[in-house]
Amino acid sequence: MADEPREPSQSPKWPLWVFLSTLLATTLLRLFLARMAKHPGPADYSFYFTVARNLAQGRGPVLDVVGQFLNDPQSLPCYAHDYWMPLASWIMSVFLRAGGDSLFVALIPSMMCGLALGGLSIIAGRLVSDSWAVGFCAGAIVLVLPPLLMYSLVTDGAIYYACWIGAGLLALMMARQSACPRALDAPVSEQADARPPSGAAALGWILAAAFFGGLGHLTRQDGCLFLIVVLMCVLRMPWSRARRAWVCGAVAAVHAMVLLPWLVSNLQYTGQLLPSGSARTAFLTDYEDLYVSRTPIHLSSFLDWGIANILWSKLRVGLSHIRVFHELLGELVCVLVVMSLAEWGFRRKARMRLRTVHHVLLFGLILYLFYTLIATIPSEQGAFLRSAMALLPFLVVLAVDALWRLLRRSGAFVGLVILTILFGLGRGVVFTNSMFFIPRMIVEHGRDGDDFRAAGRLAKADLEGLVPAPVIMARDPWAVHASTGIPAVQIPNEDLDTILATAARFHVTHLLLPAPRSSLTGIHDRTSVDPRIVWVGEGSRRQWSLWRLNPEAGPFAPAP
């Protein structure tokens, strides 16, 4: 099949105006939605925001919440970064210190990262297709892509991670172009005018990729996987063996230097260089077992689950990860990405383009295998989806590039238009629903915050005149604390006696239900009674109930 005609020297200017118009519109939309936000939201969102506030107030990386028991927390407050990484909170704390203590201020860097991903897509599109038009169109799509838009409006680390890892992937593209210019991929007869490779420029881009990968690792633990990609790219460079060896050492050193502040903080607060508990999440058989306080999580307990269950869980999760890209990109973009990848087998220029982004595909494969085969159970709660967002700018570029080239072939034009209309209409419905989901999510977060504040007021009123300050045990202690300021503890996923013993350890005064704990279902439904747990009150919207713990009714200790 003949190769497509060369790109005209002058690209059309309408894609630039499309991008600028989209940039203005989505910036205003983000600002409007951020002003609506009254509560950071559940779990991760509240965690990052609350730690950022503590940092901005000079308290340090501590949190008045026990969220899990993997690293055996001893008391409240406890060290914040023994499971979730610190960079997102560090960044937000700088803005909170400068702009004031508000959720809107904390969302400013998130929104900036969402907009920066659009600019990153422009450069990636230019490198892949030699066309600024492809870059501008891809950038406009990335700006309005619902997952990236949503995560730029919550206080989560995912949008920062997408920005850092995306920048690292782009740096690797620049490194390859510097060391292996596209002309060098052409036949020997066409290499006469090829410019010689620039080793210094390629080395600079490689080290930049290592730096951004370190920032990604400071944002999410699986950022360490990007270091593998950088090292593999170094090994593929047209350098001597000795030079590749010392560059690999330099890459590892840069990555370690970026992590140094976190490592020092770990030593200061825990006495350990690296938290020991996070690796045990590979042995989970149920996500709620992440919150056990006494039952050990280790390899033998994992193997006791049975080989059939282990294999089935990994197959099921692996298939669900494939669907993640459909959720992130939509039907039309997914079809165009597959078409672009399919060209690899029979078109030379397609192979050249894909060599430009081969490290993107490699990182995607490593992420997929890691979350399918190792961190299987945690990925069911969206871990893979959050990390895979770093690939979106590049996948959108491949899709736009495929569409751009097909539109320039008159023979495929009519069929492509029909295909675009059909898939575009179907995606339009999904896209519209996704866009409306974001303000609904923001409103729902605010209502949940109101419920938690009502429970907090009830707990304080229940202890009025008594010595102990309230401490609430709940399934989402991060959101409870962010809403009320009351210290909060995770409800262990264990028997009632163990739950109450853990409550006594952290001086818990109240229990907020419901929670996915079988030992507490009867208490919340009032089908069972325990004199150690006394009803205080309830709310109507979320059907929550608040209970006071009564240690005078019996020992808060596990049965022998």
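Just above sits the structure.
Residues numbered from 1 in each chain as written. Predicted model: local features only at pLDDT ≥ 70, side-chain atom pairs only at ≥ 80, totals over all residues. Heavy atoms only, no water.

Student: Teacher, can you tell me more about the side chain of Thr509 here?
Tutor: Structurally, the position occupied by Thr509 is in the loop between α21 (496-505) and β6 (510-513). Residues contacting Thr509, with those up to four places away along its chain left out, are Leu463, Pro468, Ala469, Pro470, Val471, Trp547, Arg548 and Leu549. (Helix = DSSP H or I, 4+ residues; strand = E, 2+ residues; numbered from the N terminus. Contact = heavy atoms within 4.5 Å.)

Student: Even after reading the chapter, I still don't get α21, so can you show me in this structure?
Tutor: Since the α-helix turns once every 3.6 residues, residues separated by three or four places project in the same direction. With respect to burial, α21 is a largely interior element, seven of its 10 residues being buried. Every buried residue belonging to α21 is among Leu496, Thr498, Ile499, Leu500, Ala501, Thr502 and Ala503, and all of these are buried. On its buried side, α21 packs onto β4 (472-474), α22 (518-525), β7 (533-538) and β8 (545-549). The opening residue of α21 is Asp495, an N-cap whose side-chain oxygen sits 3.2 Å from the backbone nitrogen of Asp497. (Buried < 20%, exposed > 50% of the residue type's maximum accessible area, 1.4 Å probe, protein only. Polar contact = N/O pair within 3.5 Å; in protein donor to acceptor, adjacent residues only side chain to side chain.)

Student: Quick question: what am I supposed to make of the environment of Ile377 here?
Tutor: Residue placement: Ile377 occurs in helix α16 (residues 376-379). Between the alpha carbons of Ile377 and Leu284 there is a distance of 6.3 Å; along the sequence they are 93 residues apart.

Student: I keep staring at the pattern of salt bridges and nothing clicks. Help me out?
Tutor: Where charged atoms from two side chains of opposite charge come close, those side chains can pair. As enumerated under the stated definition, the model contains 13 salt bridges in all. Among the ionic pairs, Arg475 bridges to Glu288, the shortest N-O distance being 3.0 Å. Of this pair, Arg475 sits in the loop between β4 and α20 (477-484) while Glu288 sits in the loop between α10 (241-270) and α11 (299-304), and the two are 187 residues apart along the sequence. Across the pair, Glu288 and Arg475 agree in class, each one buried. Ionic pairing is found between Arg532 and Asp530, a salt bridge with its closest N-O pair at 3.0 Å. For the residue pair Arg532 and Asp530, the accessibility class agrees, reading buried in each case. (Salt bridge = Lys/Arg side-chain N within 4 Å of Asp/Glu carboxyl O.)

Student: Looking at this structure, how should I read the side chain of Thr26?
Tutor: Topologically, Thr26 is positioned in helix α1 (residues 14-36). Since its relative accessible area comes to 4%, Thr26 is described here as buried. When sequence neighbours within four positions are dropped, the list of residues in contact with Thr26 reads Leu115, Leu143 and Val144.

Student: Teacher, can you tell me more about the environment of Leu203 here?
Tutor: Along the polypeptide, Leu203 turns up in helix α8 (residues 199-219). Taking the C-alpha atoms as reference points, Leu203 and Val234, 31 residues apart in sequence, are found 9.0 Å from one another. If near-sequence neighbours (up to four positions away) are discounted, Leu203 is found in contact with Trp239, Arg243, Trp246 and Val247.

Student: When you look at the packing of helix α9 (residues 224-235) against α10 in this model, what are you seeing that I'm missing?
Tutor: Axes are the key here: two packed helices are described by the angle between their axes and the distance separating the axes. Between α9 and α10, the least distance of the axes is 9 Å, while the angle of their chain directions is 160°. One way to sum up the angle between α9 and α10 is to call them roughly antiparallel. Pair α9 / α10 crosses with right-handed handedness. Where α9 abuts α10, its residues Leu227, Val230, Leu231, Val234 and Leu235 lie against Arg244, Val247, Cys248, Val251 and His255. Of the residues that constitute the contact of α9 with α10, the class distribution is eight nonpolar, one polar and one charged. (Axes fitted to C-alpha atoms, helices over the stretch in contact; angles between N-to-C directions. Parallel < 35°, antiparallel > 145°, perpendicular 65-115°, else oblique. Left-handed = near helix turned anticlockwise from the far one by under 90°. Nonpolar A, V, L, I, M, F, W, Y, C, P; charged D, E, K, R; others polar.)

Student: Got a minute to help me understand the sheet that holds β8 in this structure?
Tutor: One open sheet holds the six strands; their spatial order is β2-β5-β4-β6-β8-β7, and the pairing between them is mixed. If you trace the sheet from one side to the other, it starts and ends with β2 (65-66) and β7, each paired once. With three bridges joining them, β4 and strand β5 (residues 488-490) adopt parallel strand pairing. From the neighbouring strand, Met473 faces β5, where its bridge partner is Val489. Seen against the sheet, α20 touches β2, β4, β5 and β6 and runs at an angle of roughly 170° to β5. Across the sheet, α22 touches β6, β7 and β8, and the angle it forms with β6 is around 90°. (Pairing = 2+ DSSP bridges.)

Student: Teacher, can you tell me more about the nonpolar core here?
Tutor: General note: in soluble globular proteins, nonpolar side chains tend to be found buried as a group. Residues Tyr151, Ile206, Phe226, Leu329 and Phe363 are the most contacted members of the largest nonpolar core, which totals 129 residues. In this structure, Tyr151 is in contact with Tyr45, Ser110, Asp156, Ala158, Ile159, Leu385, Arg386 and Met389, ignoring residues within four places of it in sequence. Core analysis: the second largest hydrophobic core is formed by 21 residues, Ile491, Leu511, Ala515 and Ile533 among them. (Core = buried A, V, L, I, M, F, W, Y, C linked by side-chain atoms within 4.5 Å.)

Student: Looking at this model, I keep getting lost on the pairing of β8. Mind explaining?
Tutor: For a regular strand, side-chain orientation follows a simple rule: the groups alternate between the two sheet faces. Within β8, four of the five residues are buried, which leaves the element mostly enclosed by the surrounding structure. Bridge analysis of β6 against β8 gives four bridges, and the strand direction is antiparallel. Note that in β8 the partner of Leu513 across the bridge is Ser545. Of the pairings in the sheet, the one linking β7 to β8 comprises five bridges and is antiparallel in character. Across the sheet, Glu538 pairs through a bridge with Ser545, a residue of β8.

Student: How should helix α4 (residues 103-129) be read in this particular structure?
Tutor: The terminal C-alpha atoms of α4 lie 40 Å apart, and with 27 residues this matches the ideal 39 Å at 1.5 Å per residue to within 8%. The largest bend in α4 amounts to roughly 25° and is located at Pro109. The buried fraction of α4 amounts to 20 of the 27 residues, a majority that puts the element mostly inside the structure. Positive phi appears at Asp130, one or two residues downstream of α4, with a value of about 60°. (Expected span 1.5 Å × (residues − 1). Bend = angle between axes of the 7 residues up to and from the residue.)

Student: Could you clarify how one ought to interpret the packing of aromatic side chains in this entry?
Tutor: Any pair of aromatic rings gets described here by the distance separating the centres and the angle formed by the planes. Under the defined criterion, the tally for this structure stands at 16 aromatic pairs. On the numbers, 5.9 Å between centres and 55° between planes, the contact of Tyr83 with Trp84 is tilted. Under the relative-accessibility criterion, Tyr83 is labelled buried at 18%. An aromatic cluster is defined as three or more aromatic residues linked by ring pairs; in this entry it consists of Phe47, Tyr48, Tyr83, Trp84, Tyr287, Tyr291 and Trp478. Residue placement shows Arg220 over the ring face of Tyr161; its charged tip is 5.8 Å from the ring centre. (Phe/Tyr/Trp six-rings, centres within 6.5 Å; stacked < 30°, edge-to-face > 60°. Lys NZ or Arg CZ within 6 Å of the ring centre and 35° of its normal.)

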